[in-house]
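Letter by letter, the chains look like this.
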Amino acid sequence: MQSPVRFHSATTFEEVVDALDELGSEARLIAGGTDVMIQLARGELSPQVLLHIERVPGLGTVAAGEGGLHLGALVTHAMVRSDPATCALAALADAARQVGGWQTQAIGTVVGNIVNASPAADLTPGLLVHDAMVHLSRRGSERTLPLDQFVKGRRETAREPQELVTGITIAPTPEHSGEAFVKVGRRKAMEVSIVAVATRLVVDPSTGTIADARVAVGAVSPIPHRAPASEQLLIGQRPTADLFAAAGRAALEGADPIDDVRASRRYRLAVLPRAVAQALSRSSDHVDAARSVA
Amino acid sequence: MSVTIGGTMDRTDGVAKVTGKAQYGVDHVEAGMAHAAVVRSPVPAGRLVGVDVGAARRMPEVVGVVTAADQPDSYGGWVLQDQRILASDQVRYEGEPIAIVVAETRAAAIAAAAAVRVEIEEWEAVTMAKAVAGEGHVIHPDWQSYVPTFGVDHPRWGNCACEVRAEPDGVDEAFARAAHVVEDTFTANRQYQAYLEPKAATASYADGRYILHTATQYPFNVRERVAQLMGVRLSDVRVVGKTIGGGFGAKLDGWVEPLAALAARVTGRTVQVRLSRAEDILTCPMRENATMTIRTALDDEGRMIGRQFTCEMDNGAYSGEMPWLASLPLTVIGAVYKLHGPMRAVCRLWYTNTPPTGAFRGVNGVYLYMAQEQHMDHIADTLGVDRREYRLRHLFEDGDASRTGQVLEQAGILRQAFDRLEERAPWQEILDNLGPNQGVGIAAAVWMTNPLPGEVTIKMSEDGTASLVTAANDNGSGAVSMGLTQIVASTLGLSEGDVRASMPDTDISGYDGGSQGSRTTAIVGTAALEASTKVREQLLATAAGLLEAHVDDIELVDGQARVKGSPSATVPLGQVAAAATFTGGAVTATSSYATPPVPFDAGCATGALFTTMCTPTYHVHLAVVEVDDVTGNVDVVRYVVVQDAGKVISPVGARGQVQGGIAQGIGYSLYESQRIGDDARLVERSLESYRLPLAVDIPDVEVVFLENPDPQTGLGAKGIGEAPIVLSAAAISTAVRHATGRTFNAIPITPEDVMFALQEAEEVR
Ligand SMILES: Cc1cc2nc3c(=O)[nH]c(=O)nc-3n(C[C@H](O)[C@H](O)[C@H](O)COP(=O)(O)OP(=O)(O)OC[C@H]3O[C@@H](n4cnc5c(N)ncnc54)[C@H](O)[C@@H]3O)c2cc1C
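Residues numbered from 1 in each chain as written. Chains lettered and ligands numbered in written order. Predicted model: local features only at pLDDT ≥ 70, side-chain atom pairs only at ≥ 80, totals over all residues. Heavy atoms only, no water.

Per an unreviewed UniProt entry, chain B goes by Xanthine dehydrogenase and derives from Nostocoides australiense Ben110.

Taking an unreviewed UniProt entry as the reference, chain A is identified by name as Molybdopterin dehydrogenase FAD-binding protein belonging to Nostocoides australiense Ben110.

Listed below in structure tokens is the structure:
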């Protein structure tokens, strides 16, 4: 029989980085535990210590600051969907609203979602659209990486075993922008995404053309990624249904989805362009709505 | 306040369930109890070469290891005795029990089970497609020696476990003179019962008897199965019920109980077998997968003048209840709508190297009505007639007969149901107001109430409360905790909390046909009404003496006997019961009831074991769906049920049964695919991949009850529980067909099916 895992609930930042420094990959950080506990139960993890960080002070806030909006490592999905600073960012808030069910959202963290690095991590596309930066700390040093360099593969990140992710910063949202998140799953909750799409459009009010376009897709390749072909097609154009459909088709470039019990590859490839087009159309509606309010 | 029929009352088991105090099968504990883990076949088919239990026996805390060599040389089975407890020389499905490891703890048993080494020479597995094509090995080489449990055998051979055949004259002639012929083919996947409590049973053996504590839906059936498989008399087995964490049909037969009994016998210990969710899914007797072809000849007036129907059903590796269900197509296909000519039908049940299939709420009615109603839409479209109009033109009326010759005296209720539906949801108005990507479906059915007998004993206590002793059990439906309790309390003028029902115990209560087929409130309720009426008469007689009044002048109200019209002349029922107990004897009565047999045409088919719908009920459903053209997901946005209930005893319970049945039906129609691979293994193997719909996926179902009392049952009640699911796939699939203009021949209709159909339609455009 395997030896039991020790559970340690840290109460200070120093305690966490010291323990990580000493134990390295023998310590497994646990925030909400919604990924960790399942992986433990499946026998996919066998750490010596579960290092619980939920009681570490200072990591649980959403704060506007230099360089954008900072989400601490203990910010949960429930906070993202309800915090005044994030609830209007549809690419994030609508994703947070659709992570599992209310229970998962109440304890699951955004940082846990990205560190777990599932191809279907729902917050990752929205964070990519917002140019998220990931902050890592270890005893005596810190570093910051763009999210697209942080996630390296399925369940693989640039994080060193001694590092704690302290939070994420998202860049300030430009004016005249609208964003959306579309999740494809069989049920209305409790689904691992079959396809997930986050988009953001900035429309120049003087010309009515798209000044900036962001399209990020999840669950169609080992790493959620931006879809540059779609983005290039959109920039400089007027938003129309045909354009969005074409951008949707362009998102197939770089998509290499799996065939599994949840959905066939063929289905994922069929749905992806439609989901991208729908997200773009909603983003465009949001720009219009923002303008008519202003 | 006295409880009334048709009034609301709290479930008697509600508080215990909500507070976690209810004792389910998995909660049962006995002094000296040991735990079992089952070693199962890792492959669907093969020759069992050897089982090495040496290492397992030496593991810590192991009490004993049981193999096929330890089991009696007897067979068992609900309809056909084709099962043993443990596989001996052949394995027939993935998950089939091969050995049982018993240890002091569950963890030790599981660890030791992993140390049992099983050697199997794997064979190519037989799926239903192969069985139908006549390919693959014969799964039961000894099939000819199997004994039918009820004495009557039915046509069967090789991998065909049952064949039902109706060959009336004139079918070919009807097709020869047809103006139109409409044909459809359908398939249906398996459906997992997916209750909250995985199966569990605890057995002990002492003084020549087996005692089982188990959350079974049908204690007397479990008693029979254990007795057959252990080769003992029925009375050598005692089955005591526990609170049931859901069953939906999967806990009607003995699956874990014989394992526990054998292990208890061999080890001399009390043994608990408790399945993990993964084991429960892998071995559950699910609703079977099936393929159907339905072909109808129409004359130039659009009347149906002849039909051919074939149905291939997957039996799995052992038969269980299934041979009965092979005849159900005869009572469904060709009922509800008039068929003015003969129907040829062939239904076959195939042994395959897959887990045995079995009963699930609504059994094969769910896919049979799906086929019949989609076919009706196809016919109406072919003729260019409105779908509802076509149905109304050909609807059964009082006295029309099904294909087994059963006369449906009250079939006119169908038209009443269409009328009530029209009031609630006017057809043309719905058609006119459908949004983009929306469609509407409509479907009608006749369904049944299981006729098996039940018995109730009522005992008045000296405190004025009543005990309700019965082996009828509440699988969660409220049939005992509301239905029967309500019947007894209202008859005796008792208040909520004054009637307590016992748990089933085959040593104590009379025979009961189990919680199946919507029978409990209607059938056992008839016995309950009769027994409590007898008790009432005894109370009235004693009270008449105490109150010095005439029996006819006494009423029972709010736990008191009182003289009508003189509210001060009362005596508490406790005092009445005590007076009776210490003079003439305790106040108690027992009654039993079984539905009288229904006449049918014995020559209608060969192999038919299940030929009539007892206490028939009539139903019309309407569903409005919306198809998401981005994902192919289908959302049920409105669902209306018009259901003939005979008499509603418990309105909350009745409504709950309809809402729950539709939820399960939406799951069946759109979400829950339990696929079987070409290797005969289940594709969906956990609740992560097997998609049960969630509360957010289910609309609030609109329910209209019709009350046309049944002439035979006590209060006129008819079965309620099963029927709601029976039409769900019919209503939903026809609505999806309407929304998309495409026929979906496979149930469930998955987002993938819809998406590919949408893509095809776009390419054509
Ligand atoms: C029922 C259920 C439904 C779910 N549905 C969804 C869904 O719809 N969409 C979706 O995307 N996910 C879903 N998930 C997965 C999970 O809820 C999310 O990924 C969640 O955001 C993880 O956060 P957590 O705090 O629970 O992470 P944990 O499980 O605590 O940790 C996840 C990983 O991140 C590491 N980690 C956590 N915090 C830090 C840190 N500060 N620094 C470094 N490493 C860290 C852990 O060591 C671990 O490897 C579901 C899970 C469950 C149980």
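Next comes the rest of the write-up.
### Some words on the site of the ligand
Residues and elements named next belong to chain A. Rules: Note on definitions. A residue lies near a molecule or strand when any single heavy atom of the residue is within 4 Å of it. Nitrogen and oxygen atoms within 3.5 Å of one another constitute a polar contact, given that in protein one can donate a hydrogen and the other can accept it, and given that sequence-neighbouring residues count only through two side-chain atoms. Only the protein chains shown count as cover for residues, and the accessible areas themselves come from Shrake-Rupley with a 1.4 Å probe. Helical segments are the DSSP runs of H or I of at least four residues, strand segments are the runs of E of at least two, and each set is numbered from the N terminus. When residues are grouped by polarity, Ala, Val, Leu, Ile, Met, Phe, Trp, Tyr, Cys and Pro land in nonpolar, Asp, Glu, Lys and Arg in charged, and all others, Gly among them, in polar.
Looking at the ligand, there are 34 residues lining it, with Leu29, Thr34, Asp35, His77 and Thr109 nearest. One of the side-chain nitrogen or oxygen atoms of aspartate 35 is found 2.6 Å away from an oxygen atom of the ligand. Within the backbone of glutamate 191, a nitrogen or oxygen atom sits 3.0 Å from an oxygen atom of the ligand. The fraction of the free accessible surface of the ligand (970 Å²) that becomes covered by protein chains is 90%. Of all elements in the fold, only β2 (27–30), α2 (36–41), α5 (102–107), α6 (110–116) and β10 (164–170) reach the threshold of two or more residues within the shell around the ligand. The leading source of residues in the shell around the ligand is α6, at 5 residues. Looking at the shell around the ligand residue by residue, the class counts come to 16 nonpolar, 12 polar and 6 charged.

### Points about the environment of Ser204(B)
Residue and element names in this part refer to chain B. We apply this condition: For every residue, the accessible area obtained with a 1.4 Å probe (protein chains only) is divided by the maximum for its type, and the residue is called buried under 20%, exposed over 50%, and partly exposed between those limits.
Locating serine 204 in the fold gives a position in strand β11 (residues 200–206). The exposure class assigned to serine 204 is buried, which follows from its relative accessible area of 15%. When the C-alpha positions of serine 204 and cysteine 604 are compared, they lie 47 Å apart, and in sequence the two are 400 residues distant.

### A few points about the interface of chain B and chain A
Bring the parts together and some accessible area is lost; that lost area is often taken as the interface size. Applied cut-off: Residue contacts follow a heavy-atom distance rule, with two residues in contact if any of their heavy atoms lie within 4.5 Å. Here the quantity called buried area is the accessible surface, traced with a 1.4 Å probe, that two parts lose on coming together, added over both. Each salt bridge in this description consists of a side-chain nitrogen of Lys or Arg and a carboxyl oxygen of Asp or Glu lying within 4 Å of one another.
Contacts between the two partners involve 27 residues from chain B, matched on the other side by 21 residues from chain A. Here chain B packs against chain A, burying approximately 2,200 Å² in sum over the two surfaces, 49% of which is carbon and sulfur. The interface formed by chain B and chain A includes 5 salt bridges. Salt-bridge contacts for Glu762(B) lead to Arg274(A); the nearest nitrogen and oxygen are separated by 2.8 Å. Taken together, chain B and chain A are joined by 15 residue pairs in polar contact (both at pLDDT 80 or more). Elements with a contribution of two residues or more to the side of chain B that touches chain A: α18 (651–671) and α21 (751–764) of chain B. Per-element accounting of the side of chain B that touches chain A gives the leading share, 6 residues, to α21(B). Residues that form the side of chain B that touches chain A fall into these classes: 12 nonpolar, 6 polar and 9 charged.

### Describing the pairing of strand β16 (residues 304–316) of chain B
All names here are of chain B. Counted only if it meets this: Pairing between two strands requires that DSSP report at least two bridges joining them.
Within β16, 11 of the 13 residues are buried, which leaves the element mostly enclosed by the surrounding structure. Taken together, the 9 bridges between β16 and strand β17 (residues 343–351) define a ladder with parallel strand orientation. Each residue of the ladder has a partner; that of threonine 310, found in β17, is valine 346.

### Section: helix α16 (residues 519–547) of chain B
All names here are of chain B. Stated precisely, the cut-off is as follows: Helices are assigned an expected span. That span is 1.5 Å times one less than the residue count. Axes are fitted to the seven residues ending at a residue and to the seven starting at it; the angle between these axes is taken as the bend at that residue.
Taking 1.5 Å as the rise per residue, α16 with 29 residues should run 42 Å; its terminal C-alpha atoms sit 40 Å apart, in good agreement. Bending of α16 peaks at approximately 40° at the position of glycine 525. Of the residues flanking the end of α16, it is glutamate 548, one or two places downstream, whose phi is positive at about 50°.

### Focus: the nonpolar core
Put simply, the test is: Side-chain atoms within 4.5 Å are what join buried Ala, Val, Leu, Ile, Met, Phe, Trp, Tyr and Cys residues into a set we call a nonpolar core. Domain borders in the structure are assigned automatically or taken from a domain database.
Among the nonpolar cores identified, the biggest contains 124 residues, and Tyr367(B), Tyr369(B) and Trp447(B) are the most heavily contacted of them. Ranked by the residues each element gives to this core, the list is headed by helix α11 (residues 365–383) of chain B, at 9 residues. Summarising the domain contributions, this core has at least three residues from each of domain 2 (32–123 + 199–274) and domain 3 (368–448 + 614–764) of chain B. Listed in part, the 48 residues of the second largest apolar core include Ala10(A), Leu29(A), Leu89(A) and Ala132(A).

### Notes on the pattern of salt bridges
All names here are of chain B. Under the definition given, this model contains 65 salt bridges over all chains. In this structure, the salt-bridge partner of arginine 190 is aspartate 314, at a minimum N-O distance of 3.1 Å. Of this pair, arginine 190 sits in the loop between β10 (180–188) and β11 while aspartate 314 sits in strand β16, and the two are 124 residues apart along the sequence. For the salt bridge of glutamate 397 with lysine 338, the shortest nitrogen-to-oxygen distance reads 2.2 Å.

### Thoughts on α21(B)
Its 14 residues give α21(B) an end-to-end C-alpha distance of 20 Å, which sits within 8% of 20 Å, the value for a rise of 1.5 Å per residue. Of the positions making up α21(B), those classed as buried are Pro751(B), Glu752(B), Val754(B), Met755(B), Phe756(B), Ala757(B) and Leu758(B).

### What to know about the sheet that holds β10(A)
Residue and element names in this part refer to chain A. Going by this rule: Throughout, an axis means a line fitted to C-alpha atoms (over the contacting stretch in the case of helices), and angles, computed between N-to-C directions, take values from 0 to 180 degrees.
The strand order β4-β5-β10-β6-β7 describes an open sheet built from 5 strands, whose pairing is antiparallel. Unpaired on one side and paired on the other, β4 (62–65) and β7 (141–146) mark the two borders of the sheet. Neighbour to neighbour, the strand axes of the sheet diverge by 25° on average, direction disregarded. The pairing of strand β6 (residues 133–138) with β10 spans 5 bridges and is classified as antiparallel. Pairing of valine 134 across the sheet is with isoleucine 168, part of β10.

### Considerations on the domain arrangement of chain B
All names here are of chain B. We note that the domain assignment places domain 1 (14–21 + 451–593), domain 2 (32–123 + 199–274) and domain 3 (368–448 + 614–764) within chain B. Taking only C-alpha atoms, the centre of domain 2 and the centre of domain 3 are 39 Å apart. Contact with domain 2, which involves 6 residues of that partner, is made by 5 residues of domain 3. A combined buried area of about 380 Å² lies between domain 2 and domain 3, and 36% of that area is made up of carbon and sulfur atoms. For domain 2, the biggest contributors to the area lost against domain 3 are Pro44, Glu94 and Phe248; these three give 87% of the whole.

### A word on the environment of Leu23(A)
Residue and element names in this part refer to chain A. By secondary structure assignment, the location of leucine 23 is in helix α1 (residues 13–23). Judged by relative accessible area, leucine 23 falls into the partly exposed class, the value being 22%. Those residues within four positions of leucine 23 in sequence are excluded, and the remaining contacts are Gln48 and Val49.

### Looking at the packing of α11(B) against helix α20 (residues 728–740) of chain B
All names here are of chain B. Just so we agree on the cut-off: The crossing is said to be left-handed when, going from far helix to near helix, the turn is anticlockwise and less than a right angle, and right-handed when the turn is clockwise.
Remark: α11 packs on α20, axes separated minimally by 8 Å, with the N-to-C direction vectors making an angle of 35°. Where α11 crosses over α20, the two elements pack in a sense that is right-handed. Across the interface between the two elements, Val366, Tyr369, Met370, Glu373, Gln374, Asp377, His378 and Asp381 from α11 touch Ala729, Ala730, Ser733, Thr734 and Arg737 from α20. Residues that form the contact of α11 with α20 fall into these classes: 5 nonpolar, 4 polar and 4 charged.

### Regarding the confidence of the model for chain B
So the rule is basically this: By definition, pLDDT measures how confident the predictor is in each residue, and it falls between 0 and 100.
Scored by pLDDT, chain B comes out at a mean of 97, with 100% of its residues at no less than 70. With a pTM of 0.97, the predicted complex shows an ipTM of 0.94.

### Side note on the packing of α18(B) against α20(B)
Residue and element names in this part refer to chain B. Heads up, the condition is: Any angle that falls under 35 degrees is termed roughly parallel, while one over 145 is termed roughly antiparallel, one within 65 to 115 roughly perpendicular, and all others oblique.
Between α18 and α20, the shortest axis-to-axis distance is 8 Å and the interhelical angle comes to 45°. For the element pair α18 / α20, the angle class is oblique. Crossing angle aside, the handedness with which α18 passes α20 is right-handed. Between α18 and α20, the contacting residues are Gly665, Ile666, Tyr668, Ser669 and Leu670 on the first element and Ser728, Ala729 and Ile732 on the second. Of the residues contributing to the contact of α18 with α20, the split by class is 5 nonpolar, 3 polar and no charged.

### A closer look at the pairing of strand β29 (residues 634–644) of chain B
Residue and element names in this part refer to chain B. The condition that has to hold: Consider the strands pointing away from the viewer: the crossover is right-handed when the path from the first strand over the helix to the second runs clockwise.
With 8 of its 11 residues buried, β29 lies for the most part within the structure. Pairing analysis gives 9 bridges linking strand β28 (residues 617–627) to β29, with the strands arranged antiparallel. The residue of β29 that forms the bridge with alanine 623 is tyrosine 639. Connecting β28 to the next strand, β29, in antiparallel fashion are 6 residues, including glycine 632 with a positive phi near 80°. Relative to strand β30 (residues 702–706), β29 runs parallel, the two sharing 5 bridges. The partner of glutamine 643 across the bridge, within β30, is phenylalanine 705. With α18 bridging β29 and the parallel β30, this β-α-β connection has right-handed handedness.

### Quick notes on the packing of aromatic side chains
Residue and element names in this part refer to chain B. As a reminder of what qualifies: Note on aromatic pairs: the rings of Phe, Tyr and Trp (six-membered ring only in Trp) are paired at centre separations within 6.5 Å, and the planes decide the class, stacked below 30 degrees, edge-to-face beyond 60, tilted for the rest. Two conditions define a charge sitting above a ring: the NZ of Lys or the CZ of Arg must be within 6 Å of the ring centre, and it must be within 35 degrees of the ring normal.
Per the stated rule, a full pass over the model turns up 10 aromatic pairs over all chains. Seen in terms of ring centroids, tyrosine 75 and tyrosine 146 are 5.7 Å apart; in terms of plane orientation they differ by 40°. Their pairing is tilted. Placement of the pair is tyrosine 75 in the loop between β3 (62–67) and β4 (80–81) and tyrosine 146 in the loop between α4 (128–132) and β8 (147–148), with a sequence separation of 71 residues. A residue is classified by how much of its surface remains accessible, and tyrosine 75, at 31% relative accessible area, is partly exposed. Measuring from centroid to centroid gives 6.4 Å for tyrosine 218 and tyrosine 511, while their planes differ by 80°, and the two rings are edge-to-face. Here tyrosine 218 is found in the loop between β12 (209–214) and α6 (219–230), whereas its partner tyrosine 511 is found in the loop between β23 (499–501) and α16, with 293 residues between them in sequence. Three or more aromatic residues joined by ring pairs form one cluster here, namely Trp78, Phe150, Tyr218, Phe220, Trp324 and Tyr511. Sitting over the ring of tyrosine 195, lysine 251 keeps its end group 4.1 Å from the ring centre.

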